[in-house]
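Okay, here's what each chain looks like letter by letter:
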Amino acid sequence: MKDNRIYLSLPQESGYEQEYIRRALKSNWITSGGPNVDEFENELQNYFKNENFVAGSNSGTSAIHLALILLGVKNGDEVICQSMTFAASANPILYQNAIPIFVDSEIDTWNICPENLEIAIKDRIEKGKRPKAIIAVHLYGMPYKVDEIHSIADKYKIPIIEDSAEALGSSYKGKKCGSFGTFGVLSFNGNKIITASSGGALITNSKKAKDRAIFYATQAKDKATHYQHSEIGYNYRMSNICAGIGLAQIKILEENINLRRDHHLFYRDIFKDIKKAQLFESLKDDFFSNYWLNTILLETKKERESLRLAFDEANIESRPLWKPMHLQPVFEKYPYYGNKTAEELFEKGLCLPSGSNLTDKDKSRIKEVILNFFK
Ligand SMILES: *Cc1c(COP(=O)(O)O)cnc(C)c1O
């Protein structure tokens, strides 16, 4: 009999989900918005020490779109975006008919490279357009170089949208990821560190921006007894049922972070004696990663592919890193600033199973494949 398949990152129930869902059904709040959404936002605001305001949305992608709208990004504007990321970071730029300008990663955090960011900004300004926003991503839970990136953004007075979809629970110099940018974005998709089945959040530092986000997320209704619209709105508000799942999940957020960080130690122990693969780790204590996914770099693309196939043979999922946006058919015509760092990471990198529900048995199966492969 074949062993069960082990996946990269699956959702895990806390046990409170049914209660919150039942409460929503019983009170007939079976719609977008509602008491669970308000409570979920409050819980998140608490998590951010009430220094930020949080607006719940139906996805992380819609939260990024709302951030662009609130920053006034329009037709023909340019928006800088980390190239190495999930397409959801970049797609909303196109929803606004704006132009994505992609920037390479640096090798320490795999996130947006300060040198190339500044080169890109200078060149775009020289060509006549000051970028309207920068989308920087904390990939796999690893904080980007916050001080360096934000000082460049401040120097050129360009706001940052901080894509923290993979980094809830990560922090930089003790401050939580998602709270550095003009806007921060979270995702509660099923594969993230906690899930709402589907959902996202926009983090801001002003009540006014939160209210504007909710205004656009609920069809931009003017104050009137009839439906009156002076602006284009969206149906982006979080569902009250989903928020119930989110409320149940937030109870196990700390536990999930600890579990994922434990998985990281498990991998560290395996890879410490393996010269042909390098586990991706935090630079130093400033960079606290939730290790949403553990990732490794192999020496060649060929090795990476053979290891992936060896995992697959043992019914274990592993996956190449995010394919950089500037290499994607849909984005390759847009400007790119950088060298080959993101490309090389994509060729040689592999994501390993890291979900909070990995069992000891799963771990020993994973370990066996790795040790066999490198022996
Ligand atoms: C998951 C993810 C998103 C999008 O979130 P959804 O809730 O799935 O829309 C955006 N950016 C990154 C980096 C992600 O991993």
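Since the structure is predicted, the reported quantities are computational estimates derived from the model, not experimental observations.

Which parts of the structure should I look at to understand the overall build of the protein?
Along the protein, the regular secondary structure elements total 12 helices and 15 strands. In terms of overall dimensions, the protein is globule-like: its C-alpha atoms have a radius of gyration of 21 Å, near the 21 Å expected for 375 residues. Counting every position in the protein, which comprises 375 residues, the buried fraction comes to 56%. Partitioning the contacts of the protein with sequence separation of at least 6, the portion at a separation of at least 24 is 73%.

Is there a simple way to explain helix α8 (residues 240-250) in this structure?
Helical geometry note: an α-helix holds 3.6 residues per turn, so side chains three or four residues apart project in the same direction. The buried count for α8 comes to 10 of 11 residues, which makes it a mostly enclosed element. When α8 is considered as a whole, its buried residues turn out to be Asn240, Cys242, Ala243, Gly244, Ile245, Gly246, Leu247, Ala248, Gln249 and Ile250. As for α8, its buried residues are in contact with α1 (17-26), α2 (35-47) and α9 (253-271). One side-chain oxygen of the residue at the start of α8 lies 3.1 Å from the amide nitrogen of Ile241, identifying that residue as Ser239.

So what exactly am I meant to see when it comes to the sheet that holds strand β10 (residues 277-279) here?
What links the strands of a sheet is backbone hydrogen bonding, and the strands pair in either a parallel or an antiparallel sense. Reading across the sheet, the 4 strands line up as β10-β12-β15-β13 and stay open at both edges, with antiparallel pairing between neighbours. Since the sheet does not close on itself, it has two edges, and those belong to β10 and β13 (319-320), each with one partner. Bridge count between β13 and strand β15 (residues 349-352): 2 bridges; the pairing is antiparallel. If you follow Arg319 over to β15, its bridge partner there is Cys351.

Would you mind going over the domain arrangement of the protein with me for this structure?
Segmentation of the protein into domains returns domain 1 (17-250) and domain 2 (253-374). For domain 1 versus domain 2, the separation of C-alpha centres amounts to 25 Å. The interface of domain 1 with domain 2 comprises 48 residues on the first partner and 37 residues on the second. Summed over both partners, the interface of domain 1 with domain 2 comes to about 3900 Å²; 67% of that surface belongs to carbon and sulfur atoms. Three residues stand out in domain 1 for area buried against domain 2, namely Trp110, Tyr140 and Ile193, and they jointly supply 21% of the buried area on that side. One can count 0 salt bridges joining domain 1 with domain 2. At the junction of domain 1 and domain 2, the tally comes to 25 residue pairs in polar contact (both at pLDDT 80 or more).

What is the right way to look at empty space enclosed by the protein in this model?
Applying the stated criterion across every chain yields a total of 1 cavity of 30 Å³ or more. Surrounding the largest cavity, Leu10, Pro11, Gln12, Gly190, Lys192, Ile193, Ile194, Thr195, Gln249, Asn256, Arg260 and Ser356 form its lining. Taken together, the residues of the lining of the largest cavity break down into 4 nonpolar, 6 polar and 2 charged. Looking at the lining of the largest cavity, you find at least three residues from each of domain 1 (17-250) and domain 2 (253-374).

What should I look at first to understand unusual backbone geometry in this one?
Glycine aside, the phi torsion of most residues is negative, and most peptide linkages are trans. Despite not being glycine, Lys173 shows a phi value in the positive range, around 50°. Relative to the helices and strands, Lys173 resides in the loop between β6 (171-172) and β7 (175-176). A positive phi is found at Ser197, a non-glycine position, where the angle reads about 75°. In this fold, Ser197 is placed in the loop between β8 (183-187) and β9 (200-204). The exposure class of Ser197 is partly exposed, given its relative accessible area of 40%.

Reading the values: rules and limits
- Residues numbered from 1 in each chain as written.
- Predicted model: local features only at pLDDT ≥ 70, side-chain atom pairs only at ≥ 80, totals over all residues.
- Heavy atoms only, no water.
- Helix = DSSP H or I, 4+ residues; strand = E, 2+ residues; numbered from the N terminus.
- Rg over C-alpha atoms; globule rule 2.2 N^0.38 Å.
- Buried < 20%, exposed > 50% of the residue type's maximum accessible area, 1.4 Å probe, protein only.
- Contact = heavy atoms within 4.5 Å.
- Polar contact = N/O pair within 3.5 Å; in protein donor to acceptor, adjacent residues only side chain to side chain.
- Pairing = 2+ DSSP bridges.
- Domains from an automatic or database assignment.
- Buried area = accessible area lost by both parts, 1.4 Å probe.
- Salt bridge = Lys/Arg side-chain N within 4 Å of Asp/Glu carboxyl O.
- 1 Å grid on protein atoms, 1.4 Å probe; cavity = no way out; pocket = protein on both sides within 12 Å on 5 of 7 lines; lining within 4 Å.
- Points joined across faces, edges and corners; volume = space filled by probe spheres on them.
- Nonpolar A, V, L, I, M, F, W, Y, C, P; charged D, E, K, R; others polar.

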